[in-house]
Amino acid sequence: MSLKIAIVGLPNVGKSTLFNALTKSLAAEAQNYPFCTIDPNIGIVEVPDHRLDELAKTADSQKLIPAVVEFVDIAGLVKGASTGEGLGNKFLANIRECDAIGHVVRIFDDKNITHVHGNVNPKFDREVIESELLLADVQTLEKRLQKALSDAKSGESEKKKYAQLLEMVMSKFNEGVLASNIGLTDEEKLLLSDLHLLTMKQHLYFINLHEQQIQNLDIADIASRLGVPDQGKIIPICAKIEEELGTMSEEDAQEYLDSFGLKETGLNALIKAAYKTLGLITYFTCGPKEAHAWTIKNGTLAPQAAGVIHTDFEKGFIKAEVIFWQDFVSCGGEVKAKEKGLMRMEGKEYIVRDGDVMLFKFSS
């Protein structure tokens, strides 16, 4: 699986500029007027991972295949989009296909850059976007609820239970609560999964800043202004800095980051936050032909992890040879690792760990 993030926000908050910076492209038109993005732009970036580099070097791999993140630049949403305002809600389908929502929020004031509401108010801007997503979910749920209530009249316990679940979710929606904040059980989430609710997706907040602002950052203040209690979901980022970094060598990029007092690029911080929020980890396959990073959910069993490579691997799974990446590197490869007893056999109940290097045995 690869991680797919929808970049959303009001017009003129810097979505397309940020998209271009993150994907090192000029695919998205970035202009100072609303709705300059019509069709969603898509960009794919590699996930930086020093572990993969070290594994490839150790195994002398011919090819290195990193995990990737796919960014989808969605057209600017405005108040009333769910009922046809602006460009309407036809772009909501593009958001449904994504794993998470990256909400770009503008913090800085700039008289030369038009704000769709006339003034910069991060909390209000966040609420406008989330309200439109919530209203779209209400429309989706209303259609299903009518049918569920009709089906529940049969008296079947499962149908009654399902209708009650939908009624509960609708009542929360009417209170302005996003699906992700209702506190649904895993079973309830599964029952609702075919609705593809937009507000069920995890939100990350990309805070678009000036260079001067990013040097004296107060995350607590930004969280307060945004009205978001979970600071781990807030990623401060300066599109201009990211654009500059895209043209530099690794050494020059590090010096440039140091000049702003930054430990890493906004892209790296963004990816780390997304993986943590969505509960994703990475395991590796490694050999002379290629070193490959694979993205899976934390808690995935070995057969399902094998299925990410190919469904036949999961169907015919027998066992897996497993070694932690640091042990593989420190031993100089598989041969010495086996001699030291650091490579072990695991069966169908093994829960894959972040950083595992795996070789799957399966029957065809």
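This text goes with the structure placed above it.
Asks: So what exactly am I meant to see when it comes to the overall build of the protein here?
Replies: Secondary structure assignment for the protein yields 15 helices and 12 strands. For the protein, the proportion of contacts with a sequence separation of at least 24, taken over those separated by at least 6, is 68%. Carbon and sulfur atoms form 49% of the exposed surface of the protein, whose accessible area is close to 18,100 Å².

Asks: What is the right way to read the sheet that holds strand β1 (residues 3–8) from this model?
Replies: The strands that make up a sheet pair up through hydrogen bonds in the backbone, lying either parallel or antiparallel. The strand order across the open sheet formed by six strands is β2-β4-β1-β5-β6-β7, and the pairing between neighbours is mixed. In this open sheet, the two edge strands, each paired with only one partner strand, are β2 (41–46) and β7 (234–237). Within the sheet, the average angular offset between the axes of one strand and its neighbour, ignoring direction, is 25 degrees. Where strand β6 (residues 202–208) lies against β7, four bridges are found, and the strand directions are parallel. Paired with Ile207 across the two strands is Pro236, which belongs to β7. Against the sheet, helix α8 (residues 219–226) contacts β5 (100–106), β6 and β7, and its axis sits at roughly 110 degrees relative to β7. Each of β1, β2, β4 (68–73), β5, β6 and β7 is contacted by helix α11 (residues 266–278), which is oriented at about 170 degrees to β7, the strand it contacts most.

Asks: Got a minute to help me understand the side chain of Lys15 in this structure?
Replies: Checked against the element boundaries, Lys15 lands in helix α1 (residues 15–23). The exposure class of Lys15 is buried, given its relative accessible area of 5%.

Asks: Would you mind showing me how to read the environment of Tyr275 here?
Replies: Inspection of the secondary structure assignment puts Tyr275 in helix α11. Here Tyr275 falls in the buried class, since its relative accessible area comes to 10%. Once the C-alpha coordinates of Tyr275 and Ile296 are considered, the two residues, 21 residues apart in sequence, prove to be 9.8 Å apart. Setting aside chain neighbours within four positions, we find Tyr275 in contact with Leu3, Val47, Ala67, Leu280, Ile281, Thr282 and Thr295.

Asks: I tried to follow the layout of surface pockets on my own but got confused; where do I start?
Replies: Rolled over the atoms, a probe sized like a water molecule indicates the empty space that remains. Taken as a whole, the largest pocket holds about 730 Å³ of empty space. What lines the largest pocket is a set of 28 residues, and nearest its centre among them are Lys24, Pro48, Glu250, Thr265 and Asn268. Of all elements in the fold, only α1, β2, α2 (50–59), α9 (239–245), α10 (250–259) and α11 reach the threshold of two or more residues within the lining of the largest pocket. Here the lining of the largest pocket takes four residues from α10, the largest share from any one element. Per-class residue counts for the lining of the largest pocket are 13 nonpolar, seven polar and eight charged.

Asks: Could you clarify how one ought to interpret the pairing of β5 in this entry?
Replies: Within a regular strand, the side chains alternate between the two sheet faces. Burial within β5 is extensive, with seven of its seven residues counted as buried. Burial along β5 is two-sided: the residues Ala100, Gly102, Val104 and Arg106 and Ile101, His103 and Val105 are all buried. Two strands pair when backbone bridges link them, and β1 and β5 are joined in this way by four bridges, in the parallel orientation. From the neighbouring strand, Val8 faces β5, where its bridge partner is His103.

Asks: Help me out: how do you make sense of unusual backbone geometry in this one?
Replies: Trans is the prevailing form of peptide bonds, just as negative phi is the prevailing case for residues other than glycine. A positive phi is found at Asp60, a non-glycine position, where the angle reads about 55 degrees. When you line up the elements, Asp60 lands in the loop between α2 and β3 (63–65). Take Asp60: its relative accessible area is 63%, and that puts it in the exposed class. Phi at His196 is positive, roughly 50 degrees, even though this residue is not glycine. Tracing the sequence through the fold places His196 in the loop between α6 (186–192) and β6. A residue is classified by how much of its surface remains accessible, and His196, at 47% relative accessible area, is partly exposed.

Rules and cut-offs
Residues numbered from 1 in each chain as written. Predicted model: local features only at pLDDT ≥ 70, side-chain atom pairs only at ≥ 80, totals over all residues. Heavy atoms only, no water. Helix = DSSP H or I, 4+ residues; strand = E, 2+ residues; numbered from the N terminus. Contact = heavy atoms within 4.5 Å. Areas by Shrake-Rupley, 256 points an atom, 1.4 Å probe, with all protein chains shown as cover. Pairing = 2+ DSSP bridges. Axes fitted to C-alpha atoms, helices over the stretch in contact; angles between N-to-C directions. Buried < 20%, exposed > 50% of the residue type's maximum accessible area, 1.4 Å probe, protein only. 1 Å grid on protein atoms, 1.4 Å probe; cavity = no way out; pocket = protein on both sides within 12 Å on 5 of 7 lines; lining within 4 Å. Points joined across faces, edges and corners; volume = space filled by probe spheres on them. Nonpolar A, V, L, I, M, F, W, Y, C, P; charged D, E, K, R; others polar.

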